[in-house]
Amino acid sequence: MLKRLLWLPLLQVLLVVSVVSGFSLSEFVSEVLPPLSISISDTAQQFEGWGTSLAWFAEYVGSLSASQQDMVADLLFDPEVGLGLEIVRFNVGGSNTSADAVTSMRPFAAVPSVLLADGSYDWALGDKQAAVLKAAHDRGTIIFEAFSNSPPWFMTNSGDPSGNLDGADNLAPMYYDAYVDYLTEVVQYYHDEMNVTFRTVEPFNEPSSRVWQLGNRQEGCHYDLSTQRTILQKLAASLSEKGLSPETGISASDEAGFGQSLASFLQYDESLSVIDQINTHSYPEEVKALAQIPLEAVATAAGKRLWMSEYASGNYAVSDIRAGLDLSNQVLGDLKLGKVQAWAYWQVCELQ
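This write-up is about the structure you can find in this document. (Residues numbered from 1 in each chain as written. Predicted model: local features only at pLDDT ≥ 70, side-chain atom pairs only at ≥ 80, totals over all residues. Heavy atoms only, no water.)

Here's the deal with empty space enclosed by the protein
Point 1. The full count for this structure, using the stated rule, is 2 cavities of 30 Å³ or more.
Point 2. One number sums up the size of the largest cavity: a volume of about 80 Å³.
Point 3. Phe-90, Asn-91, Gly-93, Pro-112 and Val-114 are the residues nearest the centre of the largest cavity, which is lined by 15 residues in total.
Point 4. When residues of the lining of the largest cavity are traced back to their parent elements, those giving at least two are β2 (87-91) and α7 (176-194). (1 Å grid on protein atoms, 1.4 Å probe; cavity = no way out; pocket = protein on both sides within 12 Å on 5 of 7 lines; lining within 4 Å. Points joined across faces, edges and corners; volume = space filled by probe spheres on them. Helix = DSSP H or I, 4+ residues; strand = E, 2+ residues; numbered from the N terminus.)

A short note on the side chain of Gln-277
Point 1. Note on placement: Gln-277 falls in strand β6 (residues 277-281).
Point 2. Exposure remark for Gln-277: the relative accessible area of 0% places this residue in the buried category.
Point 3. Of note is the side chain of Gln-277, whose polar atom sits 2.9 Å from the side chain of Arg-305.
Point 4. Residues within four places of Gln-277 in sequence aside, it is in contact with Glu-145, Arg-199, Thr-200, Ile-250, Ser-251, Ala-252, Arg-305 and Trp-307. (Buried < 20%, exposed > 50% of the residue type's maximum accessible area, 1.4 Å probe, protein only. Polar contact = N/O pair within 3.5 Å; in protein donor to acceptor, adjacent residues only side chain to side chain. Contact = heavy atoms within 4.5 Å.)

As for the pairing of strand β3 (residues 143-147)
Each regular strand displays side chains that alternate between the two surfaces of the sheet.
Point 1. With 5 of 5 residues buried, β3 lies mostly within the body of the structure.
Point 2. Residues Ile-143, Glu-145 and Phe-147 of β3 are buried on one face, and the alternating residues Phe-144 and Ala-146, pointing to the opposite face, are buried as well.
Point 3. With 5 bridges joining them, β2 and β3 adopt parallel strand pairing. The residue bridging Val-88 from the neighbouring strand is Phe-144, located in β3.
Point 4. Bridge count between β3 and strand β4 (residues 200-202): 3 bridges; the pairing is parallel. (Pairing = 2+ DSSP bridges.)

Remarks on the layout of surface pockets
Point 1. Computed from the structure, the largest pocket encloses a volume of approximately 580 Å³.
Point 2. Taken together, the elements giving at least two residues each to the lining of the largest pocket come down to β1 (49-53), α11 (321-336) and β8 (342-345).
Point 3. Of all the elements, α11 adds the most residues to the lining of the largest pocket, at 4 residues.
Point 4. Taken together, the residues of the lining of the largest pocket sort by class into 15 nonpolar, 6 polar and 2 charged. (Nonpolar A, V, L, I, M, F, W, Y, C, P; charged D, E, K, R; others polar.)

Structural notes on the environment of Pro-246
Point 1. Tracing the sequence through the fold places Pro-246 in the loop between α8 (225-241) and β5 (249-255).
Point 2. The exposure class of Pro-246 is exposed, given its relative accessible area of 79%.

Quick look at the packing of α7 against α8
For any two helices packed against each other, the geometry is given by the interaxial angle and the distance between the axes.
Point 1. Where α7 meets α8, the closest approach of the two axes is 9 Å, and the angle between their N-to-C directions is 50°. Relative to α8, the element α7 lies oblique. Here α7 runs over α8; the crossing is right-handed. The residues of α8 that touch α7, namely those facing Tyr-176, Asp-177, Tyr-179, Val-180, Asp-181, Leu-183 and Thr-184, are Thr-227, Thr-230, Ile-231, Lys-234, Leu-235, Ser-238 and Leu-239.
Point 2. By residue class, the composition of the contact of α7 with α8 is 7 nonpolar, 4 polar and 3 charged. (Axes fitted to C-alpha atoms, helices over the stretch in contact; angles between N-to-C directions. Parallel < 35°, antiparallel > 145°, perpendicular 65-115°, else oblique. Left-handed = near helix turned anticlockwise from the far one by under 90°.)

Topic: the pairing of β1
Point 1. Within β1, 4 of the 5 residues are buried, leaving the element largely enclosed by the surrounding structure.
Point 2. Bridge count between β1 and β8: 4 bridges; the pairing is parallel. Paired with Gly-51 across the strands is Ala-344, a residue of β8.
Point 3. Looking at chain direction, β1 and β2 are connected through 3 bridges and run parallel. Opposite Gly-51, over in β2, you have Ile-87 as the bridge partner.

Regarding the packing of aromatic side chains
Point 1. Applying the stated rule across the entire model yields 17 aromatic pairs.
Point 2. Relative to Tyr-190, the ring of Trp-123 has its centre 6.2 Å away and its plane inclined at 85°; by these criteria the two rings are edge-to-face. Of this pair, Trp-123 sits in the loop between α5 (99-103) and α6 (127-138) while Tyr-190 is found in helix α7, placing the two residues 67 residues apart along the sequence. This pair shows no difference in class: Trp-123 is buried, exactly as Tyr-190 is.
Point 3. One aromatic cluster is present, built from ring pairs that chain together Phe-90, Tyr-121, Trp-123, Tyr-182, Tyr-189, Tyr-190 and Phe-198.
Point 4. The side chain of Arg-89 reaches across the aromatic face of Phe-147, ending 4.2 Å from its centre. (Phe/Tyr/Trp six-rings, centres within 6.5 Å; stacked < 30°, edge-to-face > 60°. Lys NZ or Arg CZ within 6 Å of the ring centre and 35° of its normal.)

What follows is the structure, given as structure tokens:
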């Protein structure tokens, strides 16, 4: 770093001299610095694209007028006039629609469960998020993933999708089969009704974390590793029984960071065979530490894709340049050191 700083004043002087005297700065630099060679024949890394989760902003955008929805969708998903995001993660909701349930969450975080407590489905409850899903599909988004932050509230031990009292498992064992059936029913519905094929379905979100306690302002659910292994096996069976696999596979486990993702991965035992993709978030570790966590090497050896599926830069105001610097540093680290094959932001429109 010191050498780089020492070069800066010299380059500034040379730039002034080149302007005044006609001295060729480019020739000087080419003689002093070693040549840089770029090869396009050797593939160093596969990259599938950039993406976003639809939680929670799609619950808001889906309530806007058609013209406003189109404007947002163009900016996010149209490759000609906007970002052209290639990946969308659809949130399979778990919240009750009562006024108390909605107000207990942060704005738009109470993503409704389209499965009701009586066993019937009310697909209209998912229309807001589905509108954004369709808009992305129509504009060329090519990879779709369904994920859950929590099982439906009536399947939980606490009766609430925000978590359990002590941060323990919140999916009641009697609902294991019903939960995976719910996930695969959602996958099948949007395939049949909207022609959207989810390449993967993810049953967990930071499942090893103990922060998912009753009273949180967002959905969340802790799963012990033994529970995770059971759910993964049951989910694979449900996908197969409904004829959804291999077109739709399984991703796991969206732990908070690379280190925890590696720890869970290494303890999945026989359940590892049903997983097609390793998802990790990128929160707790410093970027430079990613080089010391061999998640990519382990995933590659096991024949699994590796995605960075969630990161949010919320330390600074959006008008603060440090927000952009923080984000760019994280992206660079995840791609260069973490060697991920896709990178998805948590939500591209923040509502708070």
